[in-house]
Amino acid sequence: QEKYSFPKIESKWQKEWLDNKAYKTEENSSKPKYYALAMFPYPSGDLHMGHVRNYSIADVIARYKRMTGHNVLHPIGWDSFGLPAENAAIKHQTPPADWTWKNIANMRRQLQEMGISYDWDREVATCHPSYYKWTQWLFLEFYKHGLVYKKKAAVNWCPSCATVLANEQVVDGGCERCDTLVTKKSLEQWFFRITDYADVLLEDLDKLPGWPEKVKTMQRNWIGRSEGVEVNFALEERPEKILVYTTRIDTVFGVSYVVLAPEHPLVLKLVKGTGYEADVLAFIEKMNGLNEIARTSTDAEKEGMFIGAYCLNPLSGKEVPIWIANYVLLEYGTGAVMGVPAHDERDFEFAAKYGLEIKTVILPEGSSPEEKELPLKAAYTEEGFMVNSGAFDGLSSQEALERMADEAERMGMGQRKVNFRLRDWLISRQRYWGAPIPMVYCDSCGTVPVPEEQLPVLLPPDVVFKSGENPLATSSSFIETTCPKCGGAARRETDTMDTFACSSWYFLRYTDPQNTQEAFSKENVNYWMNVDQYVGGVEHAILHLLYARFFTKALKDFGYLDAEEPFQNLLTQGMVCMNGSKMSKSKGNVVSPGAIIGKYGADTARLFILFAAPPERDLEWSDQGVEGCYRFLNRVWRLVAQFEPLLKADPSSSKASSDRWVKLDAEGKEMRRHTHSAIQKVTIDIGKRYNFNTAISTIMEWVNALYLYKERPNADPEVGREALEGILTLLAPIAPHITEELWRELGHTDSIHLQPWPSVDEAALVQDEVTIILQVNGKVRDRIQAAADISADELEKLALAQPKVEEFTQGKTVVKVITVPGKLVNIVVK
Ligand code: ANZ
Ligand code: ZN
């Protein structure tokens, strides 16, 4: 047999798997279904190590499930709309489609070179008309059900990308893509009404025990449910009231000012004629340009001003000055806040800066009521008992919170209210490379949805790519259309959809990817959903996962599927790092998968990436580690080669019978024990815990043990065969090419990937006799065989009765006997 020539072996099997559609999946099966899914890639050009990790993990799971008798769906596709294609178009004057399809072709080849077991007949690309037709159809379904609407909104605007961004795409006040400071702009925009689902998106997180706690926490915080009270502060000599939202009505006697968002509609009315008008207008103007993150981050300086008007505290009756400030947002709650400096950190900072009153109304349990007049060094935000609060004095703050809410409701001044931080999902993008929003504007009929039969609304080829302008707006063939209602001249919507809309349902399309009549059939989607195991990066913990959950829930409500949640189990893989920081082009610490595969092969790349760390943890790249994995595969290769003569010398050997196993010598039994305890461990590590790294080290030790066993004069060929085939089968999901090759080498005619997962022979695990070392004063004097389950007492008696031991104990006193059952007895004498 020749040496391990991975290029030949890997390309041979890849071709065979592709040609024979080895991993094709069908719905009608008697086996239980299993849907294994890795997050689909953006076709940026080349695979990176993060992809290799993501797809290797999902592939091991998919392959393992096939071998354990499941009907497995393991698809791949392309999240292929988005800005980089358009930026490349501007730079190189090539159509975004050309750039995208070229990248897809390249990355498809790279995935195939990794030997991932995809059903290639189910490949989807979100930028293909056969896909975005259905994204548009879904948009219209959401529209029909009142979950899509258009409104003028102050939106996040990236001046550099010249597009609107969702709140989720603003990171630390900057554009997620280019880091430019995001500003505010008022525009007519399309929204998905995700807030209708805020409650259920929150509650149903409890139904996902298979998700990492940290991801659920991030989603909970993003949805941000809070329970509070809306209270009215009446205005002096005006009919309007200021409605504030507070989660701490218990602090209402400590209010020293009310503060409105600068954009609040009452501000301009109230400031009129106060003499503060000019300053207030200038302040509003200044705030307009800033996004909310820049305005409200904890380290942003609190800024504000008095607007010359007063209102009345509904519970204390006190007169309260009205201010505006940067840290109050129009979009949250009611856009108005009661300022309680003594018990809120932001208010404390604000009051300290502007010399506003700081009045304590809650003291910590155990303090003396006199302390209510002492000046505070910082806001006291905990619970305690009430002071300076009229009839509520002395109550616990929790109790006061309920009673004051009751009181406000009884007086008709307020109402309990649940609030969410989650905002509706802004999906309009003023860009070309996305799914066009299927809407038409007609002067007589208004906004008219494109009828289903006219879908898809295709992206036009005749556009001009310039930065800072929406290319669709330059295509008259696209814009000019006829009204579906009246047949008159009309204009098309030129906004395209946020690409997150495309990726919110791709896992549903995979269940029925070639359907030309529907987005997916109910039968197929209900057969496959939910995704049993989803694998991807934690950077999608909020956006993608929340949107996909929203789409799934809405589509269930529309009656298109039965699943309530898209992803039953979620594995968030760690990053691939080099010298402690994430591999990235900008840091220049990238190792290209192509180079590694070229030098060592895909099996080595997969093995290393799975061996170097458990999947959730960050993984540190190591050239020696890769080298070591390559050497290990070579060792497996040689093991088979060296075993062949032994196997051939025993032509009687077919599947061994239990009879043969019983007659084995101690070493043969020991080898079988090793084999079956390894099968037991690897099965748990791969199947239950996804601890691929420890599974691999178990296999490595097993290989070592088999090398030793092979050298025994009486090595039993069948014990060897059982171990060897076990090693190959268990390694098959991790290193699919070399194991396939060696499997055939051992005389099999069918694929190793179709073999059932080996089961544990419980009888082989029983350790009937063990070798016990006998020591006297720590020196080894003898070795004996004893029953594995012998008691410590019996073992001690047995040891003391051995002639070689007696030789050294005669005439001396035994001071102590130390027994380690199954291992050794040490007799201490004087
Ligand atoms: C008075 C008060 C006293 C508050 C106190 C807190 C502590 P969550 O839990 O996030 O819902 N708030 C309300 N609307 C706001 C807005 N539009 N912009 C900025 N802040 C706003 O927080 C609710 C609390 O955030 C509310 O309770 C309000 O301040 C503030 F000792 O009211 B509180
Ligand atoms: Zn019309």
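Here is what the cut-offs are and how they apply
Residues numbered from 1 in each chain as written. Chains lettered and ligands numbered in written order. Predicted model: local features only at pLDDT ≥ 70, side-chain atom pairs only at ≥ 80, totals over all residues. Heavy atoms only, no water. UniProt positions renumbered as here; feature names shortened; annotations may be inferred. Donors = N, O, S within 2.8 Å, 3.2 Å for Na, K, Ca; no water. Tetrahedral: all angles 85-135°; square planar, octahedral: opposite > 155°, others 65-115°. Helix = DSSP H or I, 4+ residues; strand = E, 2+ residues; numbered from the N terminus. Buried < 20%, exposed > 50% of the residue type's maximum accessible area, 1.4 Å probe, protein only. Pairing = 2+ DSSP bridges. Contact = heavy atoms within 4.5 Å. Axes fitted to C-alpha atoms, helices over the stretch in contact; angles between N-to-C directions. Near = heavy atom within 4 Å. Polar contact = N/O pair within 3.5 Å; in protein donor to acceptor, adjacent residues only side chain to side chain. Areas by Shrake-Rupley, 256 points an atom, 1.4 Å probe, with all protein chains shown as cover. Parallel < 35°, antiparallel > 145°, perpendicular 65-115°, else oblique. Left-handed = near helix turned anticlockwise from the far one by under 90°. Nonpolar A, V, L, I, M, F, W, Y, C, P; charged D, E, K, R; others polar. Expected span 1.5 Å × (residues − 1). Arc of directions from axis to C-beta.

If you check an unreviewed UniProt entry, the protein chain appears there as Leucine--tRNA ligase from Desulfosporosinus orientis. Quoted verbatim from the Subcellular location (unreviewed entry) heading of the UniProt record, the comment on the protein chain is "Cytoplasm". In the Catalytic activity (unreviewed entry) part of its UniProt record, the protein chain is described as follows: "tRNA(Leu) + L-leucine + ATP = L-leucyl-tRNA(Leu) + AMP + diphosphate".

Draft legend 1. Spotlight on the coordination of the zinc ion (ligand 2). Within the protein, C442 (SG), C445 (SG), C483 (SG) and C486 (SG) serve as the donor atoms for the zinc ion (ligand 2), at 2.2 to 2.4 Å. Its four donor atoms give the zinc ion (ligand 2) angles of 105 to 114 degrees at the centre, a pattern that matches the tetrahedral case. Sequence spacing of the donors to the zinc ion (ligand 2): C-x2-C-x37-C-x2-C. Taken together, the positions of C442 in strand β21 (residues 439-442) and C486 in the loop between β23 (480-482) and β24 (489-492) put the pair 44 residues apart, joining distant regions of the chain. For C486, a relative accessible area of 42% gives the class partly exposed.

Draft legend 2. Layout of the sheet that holds strand β6 (residues 163-165). Strand order in the open sheet formed by four strands is β6-β5-β9-β19, and the pairing between neighbours is antiparallel. Edge positions in the sheet fall to β6 and β19 (425-426), since each has one partner strand and no second. With 10 bridges joining them, strand β5 (residues 148-158) and strand β9 (residues 183-192) adopt antiparallel strand pairing. Within the sheet, the bridge partner assigned to A153 lies in β9 and is L187. Packed on one face of the sheet, helix α5 (residues 129-144) meets β5 and β9 and runs near 85 degrees to β9.

Draft legend 3. Highlighting the site of ligand 1. Near ligand 1 you find 17 residues, and of these S226, T246, L329, Y332 and H343 are the closest. Here a nitrogen atom of ligand 1 sits 2.7 Å away from a polar atom, N or O, in the main chain of L329. Coverage of ligand 1 by the protein chains reaches 83% of its 640 Å² of free accessible surface. Counting residues per element, the ones that place at least two in the shell around ligand 1 are β11 (241-246) and β15 (336-339).

Draft legend 4. Structural context of the pairing of strand β10 (residues 225-235). In terms of burial, β10 is largely enclosed, as eight of its 11 residues are buried. The pairing of β10 with strand β18 (residues 414-420) spans seven bridges and is antiparallel. Within β18, the position partnered with E230 by the bridge is Q415. In this structure, β10 lies alongside β11, joined through six bridges in antiparallel fashion. Looking across to β11, one finds that A234 is bridged to K241. Between β10 and β11, which pair antiparallel and follow one another directly, the connecting turn spans five residues, one of which, E237, has a positive phi of 60 degrees. Two strands pair when backbone bridges link them, and β10 and strand β13 (residues 304-312) are joined in this way by two bridges, in the antiparallel orientation. Bridge assignment links L235 to a residue of β13, and that residue is C311.

Draft legend 5. Quick peek at the packing of helix α23 (residues 692-711) against helix α24 (residues 717-731). Contact geometry for α23 and α24: axes closest at 11 Å, N-to-C directions at 160 degrees. Looking at the two axes, α23 sits roughly antiparallel to α24. Crossing angle aside, the handedness with which α23 passes α24 is left-handed. Here α23 contributes I699, W702, V703, L706 and Y709 to the contact with α24, which in turn contributes V719, G720, A723, L724, G726, I727, L730 and L731. The residue inventory of the contact of α23 with α24, partitioned by class, reads 11 nonpolar, two polar and no charged.

Draft legend 6. Expanded view of helix α4 (residues 96-113). Spanning 18 residues, α4 covers 26 Å between terminal C-alpha atoms, matching the ideal 26 Å at 1.5 Å per step. When α4 is considered as a whole, its buried residues turn out to be P96, W99, T100, N103, I104, M107, Q110 and L111. Down the axis, α4 shows its buried residues gathered within 130 degrees of arc, on one side only. Looking at the buried residues of α4, the elements they touch are α2 (49-67), β3 (77-78), α3 (83-92) and β4 (124-125).

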